[in-house]
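Understanding the architecture of this molecule
Okay, here's what each chain looks like letter by letter:
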Amino acid sequence: MVEMKVADVLVRVAEDDATKPVAEQRIVLLKEEGGDRILPIWIGPGEGNVLASRLTGFEPQRPMSPDLMVDLLRVTGSRVERVAITALREKTFYALVTLAIDGRTEELDARPSDAMNLAVRVGAPILADDAVVDESSLTMEQLPEEIDSRARDAGHEPPPGTWTSLSAEILGSLHRRP
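This text gives an overview of the structure that appears in the document.

1. Here we look at the packing of helix α1 (residues 45-56) against helix α3 (residues 112-122)
- Close contact between α1 and α3 brings their axes to 10 Å; oriented N to C, the two are set at 15 degrees. As summarised for this structure, α1 and α3 are arranged roughly parallel, according to the angle between their axes. In this structure, α1 meets α3 at a crossing whose hand is left-handed. Facing α1, whose interface residues are Glu 47, Val 50, Leu 51, Ser 53, Arg 54 and Leu 55, α3 presents Ser 113, Asp 114, Met 116, Asn 117, Val 120 and Arg 121.
- Considering only residue class, the contact of α1 with α3 consists of five nonpolar, three polar and four charged.

2. Notes on a nonpolar patch on the surface
- Taken together, the side chains of Leu 68, Leu 72 and Val 75 make up a nonpolar region of the molecular surface, amounting to roughly 300 Å² of accessible area.
- Positionally, Leu 72 belongs in helix α2 (residues 65-75).

3. Some details on unusual backbone geometry
- Despite not being glycine, Glu 90 shows a phi value in the positive range, around 50 degrees.
- Residue placement: Glu 90 occurs in the loop between β4 (79-89) and β5 (92-101).
- Taking relative accessible area as the criterion, Glu 90 reaches 80% and is therefore assigned exposed.
- One non-glycine residue, Asp 102, adopts positive backbone phi at about 50 degrees.

4. A word on a negative patch on the surface
- Side chains of Glu 15, Asp 16, Asp 17 and Glu 169 sit close together on the surface and give a patch of like negative charge.
- Mapped onto the elements of the fold, Glu 169 is located in helix α6 (residues 168-175).
- The exposed category is assigned to Glu 169, whose relative accessible area is 54%.

5. Notes on the pairing of strand β2 (residues 17-32)
- Note that strand β1 (residues 2-14) and β2 share nine bridges and pair antiparallel. Paired with Asp 8 across the strands is Leu 29, a residue of β2.
- In sequence, β1 turns back onto β2 through a hairpin of two residues.
- Looking at chain direction, β2 and strand β3 (residues 38-43) are connected through six bridges and run antiparallel.

Cut-off values and rules
- Residues numbered from 1 in each chain as written.
- Predicted model: local features only at pLDDT ≥ 70, side-chain atom pairs only at ≥ 80, totals over all residues.
- Heavy atoms only, no water.
- Axes fitted to C-alpha atoms, helices over the stretch in contact; angles between N-to-C directions.
- Helix = DSSP H or I, 4+ residues; strand = E, 2+ residues; numbered from the N terminus.
- Parallel < 35°, antiparallel > 145°, perpendicular 65-115°, else oblique.
- Left-handed = near helix turned anticlockwise from the far one by under 90°.
- Contact = heavy atoms within 4.5 Å.
- Nonpolar A, V, L, I, M, F, W, Y, C, P; charged D, E, K, R; others polar.
- Patch = residues over 30% accessible without salt bridge, like charges linked within 9 Å, V, L, I, M, F, W, Y side chains within 5 Å.
- Areas by Shrake-Rupley, 256 points an atom, 1.4 Å probe, with all protein chains shown as cover.
- Salt bridge = Lys/Arg side-chain N within 4 Å of Asp/Glu carboxyl O.
- Buried < 20%, exposed > 50% of the residue type's maximum accessible area, 1.4 Å probe, protein only.
- Lys, Arg positive; Asp, Glu negative; His and termini not counted.
- Charge placed at Lys NZ, Arg CZ, Asp CG, Glu CD.
- Pairing = 2+ DSSP bridges.

Pasting the structure below:
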C-alpha cells in the first residue's frame, strides 16, 4: 500500500469567469507521501465541495454528512484507523474504511469520496493499493493533458473551461442564494 494525502480538489470553471463551475465532476488529487505520483479520482460535486470546504477552511452554515459520520463514530466509541483505495474496476474506484471499536477492527466498504471526507476530518491515514497507483497515477506535469483525456475515455466531453482548485471563494459563490 502507498500512503497518500489529499492534495487538492479540482473543479472545471468557465474560461471567462474563474468562479463559475461549468462541470458537475470534481477531481480529488491524492498525492503520494514522499513521492511524485498523483492519483486523480473523479467524484460528485456534493462530495467534492464538502471535501474542499474542509481543505480550504470554508464553513458551511450547517454540518455536512461527513461531520455527522464523525460525531456518530465519536459517540459510539469508534475510531477510524485508516482509509484505503483498494481497487479500480471498470473505471470505478473502491475503498475500505477500517474502524476500531470495542477491541476489534471492522472493514467497511465505502465510496472513495466518503472515505476521503472521513479521513480528512479525523486525520486518519489514506492508503492506496500499489496496483491502483501503478495503473492510474500521473505526475503533475502529465495532469493537465491527461485529465481531459481520461474524461473523454470515460464518455464525458469536458465543457469549455479550465481545471482549477476548488477554492473557498468558489465554494462561497455556490452557497449564495440567488
